[in-house]
Amino acid sequence: MNELLIIVLTGFATGITTVLFGFGGGFVVVPFVYQLLAQQPLLAADAMHIAVATSTAVMIFNAGWASYHNWRGGKLNKATLLPLLWFIALGAVIGSSLAGEMDDNWIRRLFIIYMLVTIADCLLRKGFFSRSTPRSLSRLTASAGGTAMGIIAAMLGVGGSVMTVPLLRRHGYAMRDCVSAANPLSLPVAICGAITYAISGWQKIAASGYLGFISLKILVLLVIAGFSGIMFARRCIPAVPDVWHARVYVALLCLVLFAIAV
C-alpha cells in the first residue's frame, strides 16, 4: 500500500512538473522509482535501468499530452524548436543504444554528476535568473549541442529538459517559452529510449509485468496519476513570475539530486 501511494504521488508530481517546468517525468520519476526498487532484492541490481526505462516511457505520454495542448494553444515557438529537434532525435538514438550496455551503478553516478553540473551552471553562470534580448541558436550550438543533449538525455532517462531550458534561457527566452519547447524536444528521447530499453532488456528481469526494462505496472500508475497532475496544474496553479519560475526550477533540481544521491 505504501509503494502504491508513493507511485501515485510521484505520478501526480510528475504531471505538475511537466506543465510548470517541462520535465516530462524523468527528473521526478527516476529518483523515486530507483529508491523504491533498490529495496527489493530481486530487482535491486537493475533498479537504475528499470527507473530510467520506465521514466522514458512515462515521458511519451506526459510530454506528448503537454505538447499537444501547447500546440493547440499556439504556445510553441518554432525558433526554439526546429534548430534542436532533429539533432536531439539523432543523439537520442545513440544515447539509448549506449545505455543498454552500461552498468547500473555507472548510470546512477552519471545521473548525479549531470545534476551537479547543471545546478552549478545555473547558479554560477550569468544569464539564467535574468533575461537578455532573445537571440537565435548558432549552427554549432544546435547541431553539436543538440546531439549531445539527446545522447545524455536518453542515457539517463531525463528527457533533455534540464539542458534545453537553461540553454534557451541563456539565449534570452522567457521561462514559459523554454518550458513549452522542452516537452516536444523530450519526445524523440522518450520514444527512442523506450523502444531501445524494451529491446535491450528483453527477458532480463526475473519478474512478471515487464516489457524489457520497463515496469508496466509502474508505468500505468504513473501515467494515470500524471494526467491528473497535468489537469490540476493547468486549472489550479496560477502563472508564476519569470524570475521565480527560474528560481523554483533550480530548487527542484537540488531536491531531485538529493533524492537520487541519498
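Residues numbered from 1 in each chain as written. Predicted model: local features only at pLDDT ≥ 70, side-chain atom pairs only at ≥ 80, totals over all residues. Heavy atoms only, no water.

Trainee: Report on the nonpolar core, specifying residues and quantitative values.
Mentor: In a soluble, globular protein the nonpolar side chains are often hidden away together inside. Membership of the largest hydrophobic core comes to 69 residues, with the highest contact counts inside it found for Leu37, Phe128 and Tyr249. The greatest single-element share of this core, amounting to 10 residues, is contributed by helix α8 (residues 175–200). (Core = buried A, V, L, I, M, F, W, Y, C linked by side-chain atoms within 4.5 Å. Buried < 20%, exposed > 50% of the residue type's maximum accessible area, 1.4 Å probe, protein only. Helix = DSSP H or I, 4+ residues; strand = E, 2+ residues; numbered from the N terminus.)

Trainee: Give me the UniProt feature "transmembrane region" (unreviewed entry) in the protein: which residues, what numbers.
Mentor: Mapped onto this numbering, the UniProt entry annotates "transmembrane region" (unreviewed entry) at residues 6–34, 46–68, 80–99, 111–128, 148–168, 180–199, 211–232 and 244–261. Secondary structure content for residues 46–68 is 96% helix and 0% strand, while the C-alpha to C-alpha distance between its ends is 33 Å. The span residues 180–199 carries 100% helix and 0% strand; its end-to-end C-alpha distance comes to 31 Å. (UniProt positions renumbered as here; feature names shortened; annotations may be inferred.)

Trainee: How would you explain empty space enclosed by the protein if you had to name every residue and give the values?
Mentor: Tallying each qualifying case throughout the model produces one cavity of 30 Å³ or more. Each pocket or cavity is described by its volume, and for the largest cavity that value is around 30 Å³. Lining the largest cavity are Ile6, Ile7, Thr10, Phe32, Val33, Leu36 and Leu222. (1 Å grid on protein atoms, 1.4 Å probe; cavity = no way out; pocket = protein on both sides within 12 Å on 5 of 7 lines; lining within 4 Å. Points joined across faces, edges and corners; volume = space filled by probe spheres on them.)

Trainee: Break down helix α9 (residues 216–236) for me, with residues and values.
Mentor: The terminal C-alpha atoms of α9 lie 30 Å apart, and with 21 residues this matches the ideal 30 Å at 1.5 Å per residue to within 8%. Regarding α9, the residues found buried are Ile218, Leu219, Leu222, Val223, Ala225, Gly226, Gly229, Ile230 and Ala233. (Expected span 1.5 Å × (residues − 1).)

Trainee: Would you mind going over the layout of surface pockets in detail, with residue names and values included?
Mentor: Summary: where empty space remains is shown by rolling a probe the size of a single water molecule over the atoms. Taken as a whole, the largest pocket encloses approximately 510 Å³ of empty space. As for the largest pocket, its lining consists of 20 residues, and the residues nearest its centre are Val19, Lys75, Arg176, Ala239 and His245. Elements with a contribution of two residues or more to the lining of the largest pocket: α1 (2–21), α3 (47–72), α8, α9 and α10 (242–261). Considering each element in turn, the lining of the largest pocket owes the most residues, six residues, to α8.

Trainee: Could you give me a rundown of unusual backbone geometry, with the residues and numbers involved?
Mentor: Of note, the phi angle at Gln203 is positive, near 60 degrees, even though the residue is not glycine. Topologically, Gln203 is positioned in the loop between α8 and β1 (210–211). Classification of Gln203 as exposed rests on a relative accessible area of 71%.

Trainee: I'd like a rundown of α8, residues and numbers included.
Mentor: With 26 residues, α8 should reach 38 Å at 1.5 Å per residue; the first-to-last C-alpha distance of 36 Å fits that figure. Of all the bends in α8, the greatest reaches close to 25 degrees and is centred on Ser186; the proline Pro188 follows between one and four positions later. The element α8 is extensively covered by neighbouring structure, given that 20 of its 26 residues are classed as buried. (Bend = angle between axes of the 7 residues up to and from the residue.)

Trainee: Describe the side chain of Thr147, and please don't skip the residues or the numbers.
Mentor: Tracing the chain through its elements places Thr147 in helix α6 (residues 139–156). Looking at Thr147, the relative accessible area reads 17%, which means it is buried. With sequence-adjacent residues up to four places away left out, Thr147 is seen in contact with Phe87, Ile88, Leu90, Gly91 and Ala142. (Contact = heavy atoms within 4.5 Å.)

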